[in-house]
Amino acid sequence: MKTFKQFFNEATPDIDITATSPGSRPAQLGTVDKDQAKKIANYVGRVSSGGEQDIIDLIDASKFDTSGGDYEKNKYYQVFDYLLYNEKYKINWKAFKQHTVNRFTKNNLQKWFNKPYGEFNLYEDFAGPILSKFVKANVEEFFQELFVINPAIGGTSVGDGEFVLGILGNGIKGQTGDVDVIDGEPIDTIQISGTELTLEVGTSNKIIGGSSREKSYLSLARNIIDSIWAPVLETKDIAFNTEEEKWSYIDTLLQKYPVLEGQNLNWLLELLQEASHDDRYSDVAGEAAGGSDLNRLVGGIVLYDYIVGHGDDIIVSIYHGVTKPPGFNAYDVRYANVNQLGLEGTINLMLQKGWYNFNIDKQATRFTLGT
């Protein structure tokens with residue numbers, strides 16, 4: 001005996017739909033073609049497996065909420081529900097249910113963020129293998145749509161890629177950072193059993209300094225670079241009488257970063273002095289200069305202050321949406337556990353590995369994958 005769903009999957013070319021009430025004759029509801037039948041088959045599979053509730057449960061557990069708990073008004077539920085309902089992705093609803101049940105124990109994000117710094121591809125290494133278990137057609141296209149789901153929450157913007165990490169691995173929308181990696185499953189709608197790592201996620205040119213989060217340090221990094229390049233005993237906008245005066249002033253600027261306040265920064269000043277002679281620093285807009293030692297040094301300071309001051313652990317940069325850097329592929333990830341590395345380790349990673357490039361202008365400090 002065929003199941004209800006099989007009748008629609010095997011429609012060639014048309015199938016009639018009828019309904020029968022108890023004690024009544026069958027009433028014809030209409031006729032659908034093969035493509036329409038596939039949509040109905042998808043809907044039947046979703047309803048019979050409890051897929052609607054699984055979607056609600058997944059979004060609820062992820063803490064991506066734009067409506068204060070009303071899932072029907074939650075934009076993440078609305079967009080994700082629409083994506084899953086598209087027949088061309090051929091969702092296996094039973095496998096989807098298994099994902100919603102097991103993601104906190106089976107897909108531990110610490111597997112991908114388990115070193116002081118590292119690289120992997122978000123689609124090929126992480127999302128693709130997970131999605132292919134319940135997305136049975138056009139998996140990469142499904143991922144591309146999923147990657148850019150990013151409605152703002154409470155007036156705060158959400159970056160591309162956050163939702164992917166928050167619903168595929170053991171992550172949830174962070175209360176301070178972008179994604180909190182947790183140990184175990186959520187206890188209720190507010191508490192979690194234990195945050196293991198906090199990820200700050202961004203695509204190319206993510207702002208890490210001079211943002212609305214740090215308005216009081218709007219041009220601090222730019223001021224440091226301008227002061228380093230300021231002449232001695234010349235009439236300029238920024239000028240100093242002696243080298244000693246100049247570097248004393250730069251030390252004062254560095255002390256304005258909360259994570260550096262009150263520290264002996266002689267070692268850092270020596271590095272800045274050496275970096276000031278880097279011939280690659282020729283473009284004040286930060287393009288050609290972005291990979292210079294000077295920009296990477298100051299950028300490393302900004303990055304460390306941003307991550308540690310905000311209570312995060314790891315900065316995650318994903319290549320997406322800009323000119324492709326040499327040697328990188330779409331959705332390549334480069335991360336650094338800034339909290340574990342410390343200030344000196346973070347700066348060494350920038351200088352010795354060329355980990356990130358930094359664009360430091362008067363409005364903000366942005367970073368991209370290092371080349």
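Residues numbered from 1 in each chain as written. Predicted model: local features only at pLDDT ≥ 70, side-chain atom pairs only at ≥ 80, totals over all residues. Heavy atoms only, no water.

## So, helix H9 (residues 220-228)
At step 1: When you tally the buried positions in H9, you get 7 out of 9 residues, the bulk of the element.
At step 2: Next to the buried residues of H9 lie helix H10 (243-254), helix H11 (266-275), helix H12 (293-309), strand E10 (356-360) and strand E11 (365-369). (Buried < 20%, exposed > 50% of the residue type's maximum accessible area, 1.4 Å probe, protein only. Helix = DSSP H or I, 4+ residues; strand = E, 2+ residues; numbered from the N terminus. Contact = heavy atoms within 4.5 Å.)

## Considering the packing of aromatic side chains
At step 1: Per the stated rule, a full pass over the model turns up 21 aromatic pairs.
At step 2: Aromatic side chains tryptophan 112 and phenylalanine 126 sit 4.9 Å apart centroid to centroid with 80° between the ring planes, which places their arrangement in the edge-to-face category. On the criterion of sequence distance, the pair formed by tryptophan 112 in the loop between helix H5 (93-106) and strand E3 (117-121) and phenylalanine 126 in helix H6 (residues 122-131) is long-range, its members being 14 residues apart. Both residues of the pair, tryptophan 112 and phenylalanine 126, count as buried.
At step 3: When the centroid spacing of 5.0 Å and the interplanar angle of 75° are considered together, the rings of phenylalanine 147 and tyrosine 331 count as edge-to-face. Separated by 184 residues along the polypeptide, phenylalanine 147 in helix H7 (residues 139-147) and tyrosine 331 in the loop between strand E8 (314-318) and strand E9 (332-337) bring together distant segments of the chain. For the pair formed by phenylalanine 147 and tyrosine 331, the shared burial category is buried.
At step 4: Each member of the aromatic cluster is reached from another via a ring pair, and the members are Phe64, Tyr76, Phe80, Trp93, Phe96, Phe134 and Phe163.
At step 5: Lying across the ring of phenylalanine 104, arginine 103 places its NZ or CZ 4.1 Å from the centre. (Phe/Tyr/Trp six-rings, centres within 6.5 Å; stacked < 30°, edge-to-face > 60°. Lys NZ or Arg CZ within 6 Å of the ring centre and 35° of its normal.)

## Overview of the pairing of E11
One face of the sheet, then the other: side chains in a regular strand alternate in exactly this way.
At step 1: Note: strand E7 (residues 206-209) against E11, 3 bridges, orientation antiparallel. Bridge assignment links lysine 206 to a residue of E11, and that residue is phenylalanine 367.
At step 2: Relative to E11, E10 runs antiparallel, the two sharing 5 bridges. Each bridged residue has a counterpart across the sheet, and for phenylalanine 358 the counterpart in E11 is phenylalanine 367.
At step 3: Counting the residues that bridge the hairpin from E10 to E11 gives 4 residues. (Pairing = 2+ DSSP bridges.)

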